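# Summary of structural features
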Amino acid sequence: MHKVLMVMKSKTEKEDRGFGLLQKEVIDPDLCCRCGTCVAVCPEDNIHFPDPTGKCLPADKGTCRDGCALCSRACPGADSDMSRFCEQAPGDRDPGFGLGPYREICLLKAADPAIRAKSTSGGAVTALLTYCLEHRIVDGVLSVGPDPGDPRRSAARISHSAEELLQCIQSRYCVVPLNAALRQLNPDKKYAMAGLPCQVEGLMKLRKRSPVLVENVSLVLGLFCHSTMYFEATERLLESAAGNGHTRLSAVKYRDGDFPGHFTVHRENGSEKIAHLDQLMVYFDFFSLNRCRLCMDHVAALADISFADPFPFLRELAENDRKWTAVVARTEKGSSLLEAALADGEYLTRREVRDNHVRDWDRGLHSKQWMHLLQVASDRRLGLAVPDFHAPLPPIGLIKALINAAKARVFFNITLGSVEMLKNAMCRDSRMKTLKQFRRWRRKRNRCRVNNIEGGAG
Ligand SMILES: Cc1cc2nc3c(=O)[nH]c(=O)nc-3n(C[C@H](O)[C@H](O)[C@H](O)COP(=O)(O)OP(=O)(O)OC[C@H]3O[C@@H](n4cnc5c(N)ncnc54)[C@H](O)[C@@H]3O)c2cc1C
Ligand code: SF4
Ligand code: SF4
Ligand code: SF4
């Protein structure tokens, strides 16, 4: 008995220390956002991602130093301070939830038509980073691009030239623990980073709460983010677009062509297969991370500059000129960099936006964050693990909490292996079949109605 108690005690102690703490507080309750910060901070190089095409979760290599807890301190998974939305730099307008603090908002597009054509929105991220590299503002850029060893997969990349940067253009809707690559940066060189809000937060936590020096990441560009998906989503899109024989590929792109673009698979022989963006969007409901459902920062409020799709401003743009990036400059550094790049004239083109559209955008984001806050409050009401946002949660009744949690799980938590049925329902052929069946049924129903009416009239 005594022995059993001793084993249990040492097990609990282990769970409450070192990597065990991260496992208990973040990984087991499914609060990990796969940012990779824990890998960067670990002094023992103890953390790795052994399953990048599966759940892509951090794991213990067995070399943890007890009592260190640096990984838990730097992790944004279960502890994510939302006061970022209230911090106001001098001269900022309209702080608060929604868009977060900012100095200016505009539309930008890459002046180089080649960058614009390959980009997600307007190529502003790639054009600005190219400016930074070519003007020696930074020596390198940490961002996400295709995995050089396998074009189906995505990976963290460090670019030192405009050519390398161009290979990383376009959003890739697949989990990549980007911050893990912070370990590979040369401490004597200066870098810029482009990442999702949780990756930006991980970097900021490293700066604030750990002795790991990331001061050499001198410029932080953030992407707006609704959610990201497991690699399984890409595999299923590949199957749906190109069938099972998708082995000889040269590239996989998620937002190819005219705005808003579509998922394309490029073969080595030059041919191209497409899955439409609406299909990609449906996949977000089924393959997103649980943590994305509970995420409160969709706008990268901690970045120097945040970048988004131009959807809120489409009313201002002509049908044939929609490739623009919506840009939110937040810090002094971000604003002056944009000013310098625009003054150069070779990299970016600017367009003003209307204030009422900015206000609508802010309101839309506000409602989105409110919906996520309700998700968080519902989960907490049901005793499920939620991140600590250092912000009050709205009170919520048990029934409402149950309904919210059930709704969210239908759309979000069906992942990895449990979607065999949906796979068939989503592939284009069977969608067409379903559509044809529906049309046949409607025709039949209409014929019946006509007969009934005619019968009745007679
Ligand atoms: C997962 C994800 C979700 C997004 N959700 C939204 C959204 O809901 N609303 C919205 O307005 N915008 C969203 N965006 C941002 C949007 O898709 C564009 O990235 C943004 O508008 C910039 O466009 P651009 O043409 O200027 O960028 P580009 O010049 O095309 O450059 C894209 C940059 O994104 C980086 N990148 C690509 N994939 C990833 C990734 N998985 N993780 C980190 N960095 C990456 C590339 O390295 C490159 O630097 C999302 C982006 C991603 C990656
Ligand atoms: S950061 Fe510290 S606690 Fe975490 S795995 Fe590494 S050595 Fe262990
Ligand atoms: S630091 Fe990031 S990747 Fe590591 S456990 Fe936390 S959320 Fe997950
Ligand atoms: S929704 Fe939030 S947690 Fe999910 S990938 Fe985007 S920033 Fe990270």
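Residues numbered from 1 in each chain as written. Chains lettered and ligands numbered in written order. Predicted model: local features only at pLDDT ≥ 70, side-chain atom pairs only at ≥ 80, totals over all residues. Heavy atoms only, no water.

## A few points about the site of ligand 4
By nearness alone, every residue bordering ligand 4 is listed as Cys-33, Leu-196, Pro-197, Cys-198, Cys-225, His-226, Ser-227, Thr-228, Cys-292 and Cys-295. Classifying every residue of the shell around ligand 4 by side-chain character gives seven nonpolar, three polar and no charged. (Near = heavy atom within 4 Å. Nonpolar A, V, L, I, M, F, W, Y, C, P; charged D, E, K, R; others polar.)

## Considerations on the packing of aromatic side chains
Following the criterion strictly, the structure yields eight aromatic pairs and no others. Summarising the aromatic geometry, the rings of Tyr-173 and Tyr-254 are spaced 5.9 Å apart at their centres and angled 90° between planes, so their arrangement reads as edge-to-face. With a gap of 81 residues between them, Tyr-173 in the loop between α7 (162-166) and β6 (191-195) and Tyr-254 in strand β8 (residues 249-256) connect regions that are remote in the sequence. A single burial state applies to Tyr-173 and to Tyr-254, both of which are buried. (Phe/Tyr/Trp six-rings, centres within 6.5 Å; stacked < 30°, edge-to-face > 60°. Helix = DSSP H or I, 4+ residues; strand = E, 2+ residues; numbered from the N terminus. Buried < 20%, exposed > 50% of the residue type's maximum accessible area, 1.4 Å probe, protein only.)

## Concerning unusual backbone geometry
Pro-260 follows Phe-259 through a cis peptide bond whose omega is 5°. Positive phi, normally seen in glycine, also occurs at Arg-34, with a value near 60°. Among the secondary structure elements, Arg-34 is positioned in the loop between α2 (18-27) and α3 (37-41). Residue Arg-34 is classed as buried on the basis of its relative accessible area, which comes to 1%. A positive phi angle is found at Asp-45, which is not glycine, with a value near 50°. Residue placement: Asp-45 occurs in the loop between α3 and β1 (47-48).

## Quick look at the confidence of the model for the protein
When pLDDT is averaged along the protein, the result is 84, and 81% of the positions lie at 70 or above. Predicted confidence for residues 413-425 stays below pLDDT 50, and this span has 26 contacts to residues more than four positions away or in other chains. Segment residues 449-458: pLDDT under 50, and zero contacts once partners within four positions in sequence are set aside and those in other chains are kept. (pLDDT = per-residue confidence, 0-100. Contact = heavy atoms within 4.5 Å.)

## Focus: the pairing of strand β4 (residues 140-147)
By the criterion of burial, β4 is predominantly enclosed, with seven of the eight residues buried. Where β4 and β6 come together, three bridges link them in parallel fashion. Looking at β6, one finds that Leu-142 is bridged to Met-193. Relative to strand β5 (residues 150-159), β4 is paired through seven bridges, and the arrangement is antiparallel. Residue pairing for β5: Asp-147 is matched across the bridge by Asp-150. Counting the residues between successive antiparallel strands, the hairpin from β4 to β5 contains two residues. (Pairing = 2+ DSSP bridges.)

## Focus on the packing of helix α6 (residues 124-134) against helix α12 (residues 332-344)
Where α6 meets α12, the closest approach of the two axes is 11 Å, and the angle between their N-to-C directions is 85°. When the interaxial angle is binned, α6 and α12 end up roughly perpendicular. Counting all contacts with α6, which are made through Leu-128, Tyr-131 and Cys-132, the residues of α12 involved are Leu-337, Leu-338, Ala-340, Ala-341 and Asp-344. Across the contact of α6 with α12, the residue classes break down as seven nonpolar, no polar and one charged. (Axes fitted to C-alpha atoms, helices over the stretch in contact; angles between N-to-C directions. Parallel < 35°, antiparallel > 145°, perpendicular 65-115°, else oblique.)

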